[in-house]
Amino acid sequence: MNISSIYGFTLDQLIAWLEERGHKKSRALQVWDWLYRKRVHSFADMNDVKPEVVALLEENFVMETLTEQVKQQSADGTVKFLFKLADGNLIETVLMRHKFGLSVCVTTQVGCNIGCSFCASGLLKKSRDLTSAEIVEQIMKVQFHLDEAGQEERVSHIVVMGIGEPFDNFTNVSNFIRTVKDHKGLAIGPRRITVSTSGLADKIIEFADSDLKVNLAISLHAPNNELRTRIMKINKAIPIERLMEAIDYYLAKSNRKVTLEYILLRDVNDGTEHAQELAELIGARRNGVTVNLIPYNPVDEHGQYQRSRKESILAFYDVMKKQGINCSVRLEHGTDIDAACGQLRSKQIKKDRRIS
Ligand code: SF4
């Protein structure tokens, strides 16, 4: 295994790696505690770990590979980070404050190939997957930011909804989840972690069969194939019928609810007739489904889409409720900064191009 960042290990992998080198499991647990509970910034700070173990870690691993380029703070407490990876690529991570706690939205790929027509991230094609270490380190950087503020606040929730299609980077995202869930480390409960996919049906089935047991959200955004293909070209390859089969499999297998994300685009998919069609599509699955309506955040590059009118949002919501479907409207965060996913990154890249 070629791991250069210590955050790339799950606990089981760290135990195995140290055992192969003649060190006991208890040593690995000690290191894990320093990484995720005491949250030191260097191996040398692990001051009750045997010096030879510290030396071994220093020889083989680094702790910090992400450098902070920009940090935007919103009046509502949202903080948006732009990080530079070791290879120079830029990624975004967002910290959001809710009544129920602090959630972090992580990026899983550099760019994205899914190409949703409303998305600023999809404008920049995928150049590579993030390693599990790079995804874990986003959480650690945000936690370090909180630690420095000295309020003893903890990241309590994670949404895997930043740039990239997480199921197109399945192994690394799975290992990331195993690490942040681990109860001896960050101990973020599985019900507080949500993975959002554009609807890769085969991977939804693999996810349902896995040991991960975290929440699943699916970007639906339209109630029929014609409209969904216009908004999300992935629908051509994986039409709604196939997606619904995968959702049914997930519901039966996991015994958990699934969230259907629906971004509201003015006069495109936000009519009451669309709401009615969506209710029919959900049909008998209604007890296993929550619909999350997301008012669109306009981005310069997609002038064809506008934010829905308030009355359209309310009318859509009313149809859902009347049909007995669990539904919520997503509250907005960071509207005074570059709130839409990918906006900060694409702005910075354009700025860098102008400078060079
Ligand atoms: S919405 Fe998500 S899946 Fe779609 S292009 Fe943007 S990052 Fe990719």
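Residues numbered from 1 in each chain as written. Predicted model: local features only at pLDDT ≥ 70, side-chain atom pairs only at ≥ 80, totals over all residues.

Going by the annotation in an unreviewed UniProt entry, the name recorded for the protein is Probable dual-specificity RNA methyltransferase RlmN, with Paenibacillus woosongensis given as the source organism. Recorded under Sequence similarities (unreviewed entry), the UniProt text for the protein is reproduced unchanged: "Belongs to the radical SAM superfamily. RlmN family." The UniProt entry for the protein carries the following text under Subcellular location (unreviewed entry): "Cytoplasm". (UniProt positions renumbered as here; feature names shortened; annotations may be inferred.)

Enquirer: Would you mind showing me how to read the packing of helix α10 (residues 272–282) against helix α11 (residues 310–322) here?
Expert: A pair of packed helices is characterised by two quantities: the angle between their axes and the separation of those axes. Between α10 and α11, whose axes approach to 9 Å, the crossing angle comes to 30°. The angle between α10 and α11 falls in the class roughly parallel. Handedness of the α10/α11 crossing: right-handed. Here α10 contributes T272, A275, Q276 and A279 to the contact with α11, which in turn contributes A315, F316, V319 and M320. (Axes fitted to C-alpha atoms, helices over the stretch in contact; angles between N-to-C directions. Helix = DSSP H or I, 4+ residues; strand = E, 2+ residues; numbered from the N terminus. Parallel < 35°, antiparallel > 145°, perpendicular 65-115°, else oblique. Left-handed = near helix turned anticlockwise from the far one by under 90°. Contact = placed C-beta atoms within 7 Å.)

Enquirer: Hey, could you run me through the domain arrangement of the protein in this one?
Expert: Interface size, as often reported, equals the accessible area lost upon joining of the parts. For the protein, the domain assignment lists domain 1 (6–60) and domain 2 (67–355). The interface of domain 1 with domain 2 comprises 10 residues on the first partner and 16 residues on the second. Considering every element that reaches the side of domain 1 that touches domain 2, the biggest residue donor is helix α2 (residues 25–36), with four residues. Among the residues making up the side of domain 1 that touches domain 2, the classes are represented as five nonpolar, two polar and three charged. (Domains from an automatic or database assignment. Nonpolar A, V, L, I, M, F, W, Y, C, P; charged D, E, K, R; others polar.)

Enquirer: Honestly, the UniProt feature "binding site: [4Fe-4S] cluster" (unreviewed entry) in the protein in this entry has me stumped. Any pointers?
Expert: According to UniProt, the "binding site: [4Fe-4S] cluster" (unreviewed entry) feature falls on C112, C116 and C119. Mapped onto the elements of the fold, C116 is located in the loop between β5 (109–110) and β6 (128–129). For C116, a count of 20 C-beta atoms within 10 Å puts it in the buried group. If you trace the backbone, C119 turns up in the loop between β5 and β6. (Buried ≥ 20, exposed ≤ 12 C-beta atoms within 10 Å, placed from the backbone.)

Enquirer: What am I meant to see in unusual backbone geometry here?
Expert: Residues apart from glycine generally show negative phi values, whereas peptide bonds are mostly found in trans. The phi angle at H221 is positive, at roughly 65°, despite the residue not being glycine. Within the element layout of this structure, H221 appears in the loop between β9 (215–219) and α7 (225–231). One non-glycine residue, N255, adopts positive backbone phi at about 60°. Assignment of secondary structure puts N255 in the loop between α9 (240–254) and β10 (258–264). A count of 8 C-beta atoms within 10 Å places N255 in the exposed class.

Enquirer: Mind showing me how you'd approach the nonpolar core here?
Expert: The nonpolar side chains of a soluble globular protein tend to be buried with one another. In this structure, L14, V104, V136, I139, I158, V180 and V291 are the most contacted members of the largest nonpolar core, which totals 93 residues. The element contributing the most residues to this core is helix α4 (residues 132–149), with six residues. In this structure, this core is formed jointly by two domains, domain 1 (6–60) and domain 2 (67–355), each of which donates at least three residues. Among residues more than four places away in sequence, those in contact with V291 are L260, Y262, M320, I325, N326 and C327. (Core = buried A, V, L, I, M, F, W, Y, C linked by C-beta atoms within 7 Å.)

Enquirer: Even after reading the chapter, I still don't get helix α1 (residues 11–20), so can you show me in this structure?
Expert: Given 3.6 residues per helical turn, the α-helix brings residues three or four places apart onto the same face. Taken together, the buried positions of α1 are L11, L14, I15 and L18. Down the axis of α1, the buried set is contained in an arc of 100°. They therefore lie on one face. Among the exposed residues of α1, those pointing more than 90 degrees away from its buried face are D12 and E20. Looking at the buried side of α1, the elements it contacts are α2. G22 sits one or two positions beyond α1 and adopts a positive phi of about 85°. (Arc of directions from axis to C-beta.)

Enquirer: Just checking my understanding: could you explain the UniProt feature "binding site: S-adenosyl-L-methionine" (unreviewed entry) in the protein for this structure?
Expert: According to UniProt, the feature "binding site: S-adenosyl-L-methionine" (unreviewed entry) maps to G164, E165, S196, S219, L220, H221 and N297 in the numbering used here. By secondary structure assignment, the location of S196 is in strand β8 (residues 193–197). Here S196 is in contact with V159, V160, M161, A217, S219 and E261, once residues within four sequence places are set aside. The residue L220 is located in the loop between β9 and α7 in this model. Residue contacts for L220: discarding those within four places in its chain leaves L260, E261 and Y262.

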